[in-house]
Amino acid sequence: MAKILVTGGAGYIGSHTCHRLLEAGHDVQVLDDLSKGFAHNVPEGRLNVINLHDLVAMDKLFSAKKFDAVIHFAAFISVGESVREPERYFRNNTGGSLALLDTMRRHNVRRIVFSSTAAVYGNPEIVPIVETSQLKPVNPYGESKLMTETTLRWSSECTGLRYVALRYFNACGAEARYGVGEEHEPETHLIPLILRAIRTGKPLTVFGTDYPTPDGTCIRDYVHVSDLAEAHLKALDWLMSGGEGGVFNAGTGHGFSVLEVIRAAEAVTGQKVPFQTGERREGDPAMLVADSSKLQKTLNWSPKYAKLEEMVASAWAFESSHALGD
Ligand code: UDP
């Protein structure tokens, strides 16, 4: 059993990971400022409402809890918002991570699993994407995460920090037994918006139909949130048992276009998705699909969910029981 701090544990992927860590017997505390996350996602008695920049509160928490490792999710995640307000993204995502790493060094906590993103690759030249591909983000969100990865690399080289950065592709779905799911306000992600369009009858807008893909809409690699939670658990256990760390893609290796996701949702729900087509969204690469063989080989990880319909069905179960937004 390890004492783990999960930053951003009130959010979507963070809360799934907390539940998974608790199931595996770890002792978990959550740090979240609740600017995006929800207290109801955090298991009873584990939430510390603290902003990463509040060094006094961070020092108090780290002194009291003596963590063995940190899993770091806390970040803003909307590509569109990052294009409109880049400074906020660098201050919150990169600046927040720097504050966290500084605190970890002062308290001699030397292991971290970092929630990175496929957005560090930008518009990849070769798909599926391997970790050694060019890192050329096309939006401030991706750059803010890449800057954190760079800091981790230097902290590792200079001070012996051990880290795993998981570059995940498009997280989706929900784990029914944890009672949590995808809940962003405002919601910007494709699958919850499709399901919301079905529920409310208000049409979804498909962003761009002129991409260089077979049906003209963007292709993404959708990976179930439970599989991502499992990847974090494996990365943590690896670091705890002396693993050296590294950077890993986390995706299924299968790409689906926006129109294919719409069709999958129609098959799952038996209902038509009302949608219209619109302009491209700024900062969206045409195609992001992962080569995750490094993660599969090193950490013996493999996604349990490979079928898009199963992932959408688990999201639909959550959406139908929670009826979020309209
Ligand atoms: N998308 C869309 N309409 C929406 C939201 C998203 O067409 O209302 C598209 C978006 O352009 C991208 C894909 O769906 O190609 C996945 O977007 P999402 O925001 O879910 O994740 P991202 O790939 O940006 O991390």
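In short, a report on the structure. (Residues numbered from 1 in each chain as written. Predicted model: local features only at pLDDT ≥ 70, side-chain atom pairs only at ≥ 80, totals over all residues. Heavy atoms only, no water.)

### Focus: the overall build of the chain
Stage number 1. Each helix and strand in the chain was counted, giving ten helices and 14 strands.
Stage number 2. Here the C-alpha radius of gyration of the chain, 19 Å, is about what a compact globule of 326 residues would show, namely 20 Å.
Stage number 3. In terms of overall dimensions, the chain has a C-alpha envelope of 55 × 40 × 40 Å along the principal axes.
Stage number 4. Expressed as a percentage of its 326 residues, the buried residues of the chain come to 57%.
Stage number 5. Pairs at least 24 residues apart make up 78% of the contacts formed inside the chain by residues separated by at least 6 positions.
Stage number 6. Per element, the accessible surface of the chain, about 13800 Å² overall, is 51% carbon and sulfur.
Stage number 7. Across the chain, the 33 positively charged side chains and the 39 negatively charged ones have centroids separated by 5 Å. (Helix = DSSP H or I, 4+ residues; strand = E, 2+ residues; numbered from the N terminus. Rg over C-alpha atoms; globule rule 2.2 N^0.38 Å. Buried < 20%, exposed > 50% of the residue type's maximum accessible area, 1.4 Å probe, protein only. Contact = heavy atoms within 4.5 Å. Areas by Shrake-Rupley, 256 points an atom, 1.4 Å probe, with all protein chains shown as cover. Lys, Arg positive; Asp, Glu negative; His and termini not counted. Charge placed at Lys NZ, Arg CZ, Asp CG, Glu CD.)

### Thoughts on empty space enclosed by the protein
Stage number 1. Counted by the stated rule, this structure contains one cavity of 30 Å³ or more.
Stage number 2. Computed from the structure, the largest cavity encloses a volume of approximately 60 Å³.
Stage number 3. Looking at the largest cavity, the residues that line it are G173, A174, G181, E182, P192, L195, A315, F318 and E319.
Stage number 4. Among the elements of the structure, α6 (190–200) and α10 (308–322) are those that each provide at least two residues to the lining of the largest cavity.
Stage number 5. The element contributing the most residues to the lining of the largest cavity is α10, with three residues. (1 Å grid on protein atoms, 1.4 Å probe; cavity = no way out; pocket = protein on both sides within 12 Å on 5 of 7 lines; lining within 4 Å. Points joined across faces, edges and corners; volume = space filled by probe spheres on them.)

### Some points on the site of the ligand
Stage number 1. Taken together, 15 residues surround the ligand, and among them L190, T205, R220, R281 and D284 come closest.
Stage number 2. Contacts to the ligand include N170, whose side-chain N or O atom sits 2.9 Å from an oxygen atom.
Stage number 3. Within the contact set of the ligand, an oxygen atom lies 2.8 Å away from a side-chain nitrogen or oxygen of R281.
Stage number 4. The protein chains hide 89% of the 520 Å² of surface that the ligand would expose on its own.
Stage number 5. Of all elements in the fold, only α6 and β8 (204–207) reach the threshold of two or more residues within the shell around the ligand.
Stage number 6. Per-element tally for the shell around the ligand: the top contributor is β8, with four residues. (Near = heavy atom within 4 Å. Polar contact = N/O pair within 3.5 Å; in protein donor to acceptor, adjacent residues only side chain to side chain.)

### Quick notes on helix α8 (residues 258–269)
Stage number 1. The terminal C-alpha atoms of α8 lie 17 Å apart, and with twelve residues this matches the ideal 16 Å at 1.5 Å per residue to within 8%.
Stage number 2. Within the span of α8, buried status applies to V258, L259, V261, I262, A264, A265, E266 and T269.
Stage number 3. Buried residues along α8 sit against α6, β8, β10 (222–224), β12 (256–257), β13 (275–278) and α10.
Stage number 4. Of the residues flanking the end of α8, it is G270, one or two places downstream, whose phi is positive at about 70°. (Expected span 1.5 Å × (residues − 1).)

### With respect to the pairing of strand β5 (residues 111–117)
Stage number 1. Among the seven residues that make up β5, six are buried, leaving the element largely enclosed by the rest of the structure.
Stage number 2. By the bridge criterion, three bridges tie strand β4 (residues 69–72) to β5 in an arrangement that is parallel. Counterpart to H72 in the pairing with β5 is F114.
Stage number 3. Summarising the sheet, β5 and strand β6 (residues 162–168) pair through seven bridges and their orientation is parallel. (Pairing = 2+ DSSP bridges.)

### Re the packing of aromatic side chains
Stage number 1. Considering all chains together, one arrives at three aromatic pairs under this definition.
Stage number 2. Look at F62 and F67: their rings are 5.3 Å apart centre to centre, the planes differ by 80°, and that puts the pair in the edge-to-face class.
Stage number 3. Positioned above the aromatic ring of F76 is the side chain of K36, whose terminal nitrogen or guanidinium carbon lies 5.0 Å from the ring centre.
Stage number 4. The ring of F248 has K294 lying over it, and the distance from NZ or CZ to the ring centre is 4.7 Å. (Phe/Tyr/Trp six-rings, centres within 6.5 Å; stacked < 30°, edge-to-face > 60°. Lys NZ or Arg CZ within 6 Å of the ring centre and 35° of its normal.)

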